[in-house]
Amino acid sequence: MSTPGQTLLHTGAFALGITLTPEQNEQFSRLYALLLDGNSRLNLTALKTEQDIVLKHFVDSLSCLRGGYLDTPGHVLDLGTGGGFPSLPLAIVRPQLHITPMDATRKKIDFVRETAGALGLNHIRPVTGRAETLGRDAAFREQYDRVVARAVTTLPVLAELALPFLKVGGLLLAQKGALSSGELQAGAQAAAQLGGRVQEIDEFALPVLGDARTLVLVEKVRPTPDRYPRRDGIPNQQPLF
Ligand code: SAM
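Residues numbered from 1 in each chain as written. Predicted model: local features only at pLDDT ≥ 70, side-chain atom pairs only at ≥ 80, totals over all residues. Heavy atoms only, no water.

Draft legend 1. Up close: the nonpolar core. Grouped together as the largest cluster of nonpolar side chains are 44 residues, with contacts concentrated most on Ile18, Phe28, Phe58, Leu62, Leu70, Val93 and Leu121. Residue assignment for this core shows that the elements contributing at least two residues are helix H1 (3-15), helix H2 (22-42), helix H3 (50-62), helix H4 (87-93), strand S2 (97-103), helix H5 (106-118), strand S5 (166-176) and strand S7 (212-220). Beyond its immediate stretch of four places on either side in the chain, Phe28 contacts Met1, Leu9, Leu20, Phe58, Leu62, Pro89, Ile92 and Val93. In this structure, Val147, Ala149, Leu158 and Leu172 belong to the second largest nonpolar core, which totals 30 residues. (Core = buried A, V, L, I, M, F, W, Y, C linked by side-chain atoms within 4.5 Å. Buried < 20%, exposed > 50% of the residue type's maximum accessible area, 1.4 Å probe, protein only. Helix = DSSP H or I, 4+ residues; strand = E, 2+ residues; numbered from the N terminus. Contact = heavy atoms within 4.5 Å.)

So, in C-alpha cells, the structure goes:
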C-alpha cells in the first residue's frame, strides 16, 4: 500500500476511534496486496482503486466497531463474508474475538482462509455453507454472541438468516448503506417473529468520503422458533415481510 493509502487508512480508522499500531498497519498493507492478487484470479471485489479499497472495504468494515459492541471477547459470525469483509479487518484490530467468516461460495472462503493464515490471524475459522442450512445445525445454531453482516441482502431476509445463530442476549450488527423506512419497518416486523428486537439505528457518514451508512443493531430477546430459517432460497424468495 502506498504512503497516501496508509495515511487514508489511519485517518479513516482514527475517525472511528481506532489508532492502528505499526503491526496492524503492516497487516493491512499485506491484506491489500493479497486482495489485489486474489481479485485478479477470483473476482472478489468490484472496487479497484487504492482509495476505494482502503475506505470502502477496510474502513467501512471497521465501522461495525461503532458503539463498542465488539470490544469484549466472544464468538462472532460474519454471515456472507465474501472476500472477508468485515472479518479480516475486524480480526486485525480485535485479536480477542473468535471470528467465523461464513459464505455460500467455496472459492471465497478458501481465499479468506489462506489470507487469514498469511496474516497470522489464527482466531479466524472460515466455514463454507448456506445460512439456511448451517442455521439448523446444532454446531452453529444459537452459538454466537454477535453476528455481523455487511452488504448482505435486505433486512427482513437477513433477520431470518442471522438470528438463528445468536444466543439469547446476542446482537446482530447489520452494516448497510442508506436504509429506507420501508426496509427498516419490514426488518423490525420480521425480527419480532424470529425472536429479535431492533435496538438501535446508527446513521453515520463513511469517514473521508461522507457516504451514507447505517448500522442496524438487533438484539435477540428470545429463542428463534424451530421453523426458521426456512429451507435454502425461501427467505429470499418469500421474505417474511
Ligand atoms: N460481506 C462481504 C462484503 O461486504 O464485501 C460480501 C457482500 S456480498 C454482496 C454478499 C455475500 O453473501 C456473497 O458473498 C454471497 O455468497 C453471500 N450470501 C448470500 N446469501 C447467503 C446465504 N444464504 N448463505 C451464505 N452466504 C450467503
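Draft legend 2. Seen up close, the sheet that holds strand S6 (residues 196-205). In spatial order, the strands read S3-S2-S1-S4-S5-S7-S6; together these 7 strands make up an open sheet with mixed pairing. Since the sheet does not close on itself, it has two edges, and those belong to strand S3 (127-128) and S6, each with one partner. The sheet contact formed by S5 and S7 spans 6 bridges and is antiparallel. Across the sheet, the residue bridging to Ala174 is Val216, located in S7. (Pairing = 2+ DSSP bridges.)

Draft legend 3. Quick look at the site of the ligand. Gly80, Phe85, Asp103, Glu132 and Arg150 are the nearest of the 15 residues found near the ligand. Within the side chain of Asp103, a nitrogen or oxygen atom sits 2.7 Å from an oxygen atom of the ligand. Within the contact set of the ligand, an oxygen atom lies 2.6 Å away from a side-chain nitrogen or oxygen of Arg150. Considered on its own, the ligand offers 600 Å² of accessible surface; in the complex 76% of this is hidden by protein. (Near = heavy atom within 4 Å. Polar contact = N/O pair within 3.5 Å; in protein donor to acceptor, adjacent residues only side chain to side chain. Areas by Shrake-Rupley, 256 points an atom, 1.4 Å probe, with all protein chains shown as cover.)

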